[in-house]
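Read off the chains here:
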Amino acid sequence: ETSYSYRISNSKNFSELEILHINADQTEQYLQNEIANLAYSKKRIGYWYWETSSFPDQFVFLQNYFNEIWVATEFTKASLKKKIHTPIKVIPPAIRFKISNDFVGTYKFAYNALKVLINFDGFSFQDRKNPFDAISAFKKFICKIENNNSVLIIKAINLDDNQKDQLKQFVS
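Note that the structure is a prediction, hence the values are computed from the model and not measured. (Residues numbered from 1 in each chain as written. Predicted model: local features only at pLDDT ≥ 70, side-chain atom pairs only at ≥ 80, totals over all residues. Heavy atoms only, no water.)

In this model, the protein chain carries an average pLDDT of 79, and 78% of its residues clear a pLDDT of 70 or more. Taken element by element, the protein chain is modelled with least confidence in helix α1 (residues 5–9), mean pLDDT 47, and with most confidence in strand β4 (residues 88–90), mean pLDDT 96. Within the model, the stretch residues 1–8 combines pLDDT values under 50 with 4 contacts to residues more than four positions away or in other chains. (pLDDT = per-residue confidence, 0-100. Helix = DSSP H or I, 4+ residues; strand = E, 2+ residues; numbered from the N terminus. Contact = heavy atoms within 4.5 Å.)

Throughout the structure, instances matching the rule amount to 9 aromatic pairs. Note on tryptophan 48 and phenylalanine 66: the rings are 5.8 Å apart at their centroids and 85° apart in plane angle, and the pair reads as edge-to-face. Of the two residues, tryptophan 48 sits in strand β2 (residues 41–48) while phenylalanine 66 sits in the loop between β2 and β3 (68–71), which places them 18 residues apart along the sequence. The pair tryptophan 48 / phenylalanine 66 is uniform in exposure class, with both members buried. Aromatic side chains tryptophan 50 and phenylalanine 59 sit 5.8 Å apart centroid to centroid with 65° between the ring planes, which places their arrangement in the edge-to-face category. Above the face of the phenylalanine 170 ring, lysine 139 is positioned so that its terminal group lies 5.0 Å from the ring centre. (Phe/Tyr/Trp six-rings, centres within 6.5 Å; stacked < 30°, edge-to-face > 60°. Buried < 20%, exposed > 50% of the residue type's maximum accessible area, 1.4 Å probe, protein only. Lys NZ or Arg CZ within 6 Å of the ring centre and 35° of its normal.)

This part is about helix α3 (residues 74–81). Every α-helix winds through 3.6 residues per turn, so residues three or four apart in the chain are directed the same way. Taken residue by residue, α3 has Thr76, Ser79 and Leu80 as its buried positions. Each buried residue of α3 lies within a common arc of 90° when the element is viewed along its axis, so the set occupies one face. Relative to its buried face, α3 has exposed residues pointing more than 90 degrees away, namely Glu74 and Lys81. Packing partners of the buried residues in α3 comprise β2, β3 and β4. (Arc of directions from axis to C-beta.)

Residues Trp48, Phe55, Phe59, Ile69, Leu80, Ile84 and Ile88 are the most contacted members of the largest nonpolar core, which totals 15 residues. Going through the elements one at a time, α2 (24–38) and β3 are the ones with two or more residues in this core. Listed in part, the 5 residues of the second largest apolar core include Phe120, Ile135, Leu159 and Leu167. (Core = buried A, V, L, I, M, F, W, Y, C linked by side-chain atoms within 4.5 Å.)

Turning our eyes to something else, we now look at the sheet that holds β3. Spatial strand order, β1-β2-β3-β4: 4 strands in an open sheet with parallel pairing. The open sheet is flanked by β1 (15–20) and β4, the only strands paired with a single partner. Along the sheet, successive strands turn relative to each other by an average axial angle of 25°, direction set aside. Sheet topology places β3 next to β4; 3 bridges connect them, and they run parallel. Bridge pairing in β4 links tryptophan 70 to lysine 89. Sitting on the sheet, α3 touches β2, β3 and β4, and the angle it makes with β4 is about 170°. (Pairing = 2+ DSSP bridges. Axes fitted to C-alpha atoms, helices over the stretch in contact; angles between N-to-C directions.)

A separate point is the pattern of salt bridges. Counted under the stated rule, the structure contains 4 salt bridges. Glutamate 68 serves as the salt-bridge partner of lysine 89, at 3.5 Å between the closest nitrogen and oxygen. Of the two residues, lysine 89 sits in strand β4 while glutamate 68 sits in strand β3, which places them 21 residues apart along the sequence. A relative accessible area of 41% places lysine 89 in the partly exposed class. Residue glutamate 68 is classed as buried on the basis of its relative accessible area of 8%. Residues participating in the shared-partner salt-bridge network are Lys43, Glu68 and Lys89. (Salt bridge = Lys/Arg side-chain N within 4 Å of Asp/Glu carboxyl O.)

As structure tokens, this is what we get:
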């Protein structure tokens, strides 16, 4: 999407607040392209997701471009807080949803089934998303429950054929 490129990159624009909702590992690339514009914001917030208990040292310096870092969970806050001095706030995603009967009927789930979602991107770091351990944990969980009607939903994008084959073998 480039239709707003001109508005974003026009250095005459001034904003009171910028919220960059991109992960730390993508922030540097963004900053390299937009560094001239960053001087025109009074306050800059980075909204980062990070799913490992240790935040990589190579991204620590990026905090210097932000007045605050927002994260979705206490887990992520604890990970970042070990290495980052910039204020960190937990701001959960503003998403609410209810699974409709249409969805349940389409996929043949029992309405009262426990539904577990594993969501990951093949382009992302697999040790962060860790789909194979999540699947293993689900398999261990369902073995311990009698009359279990739990459902594992795997949503994956950007998988190459090898990754798809690995996932299919692992699940079966």
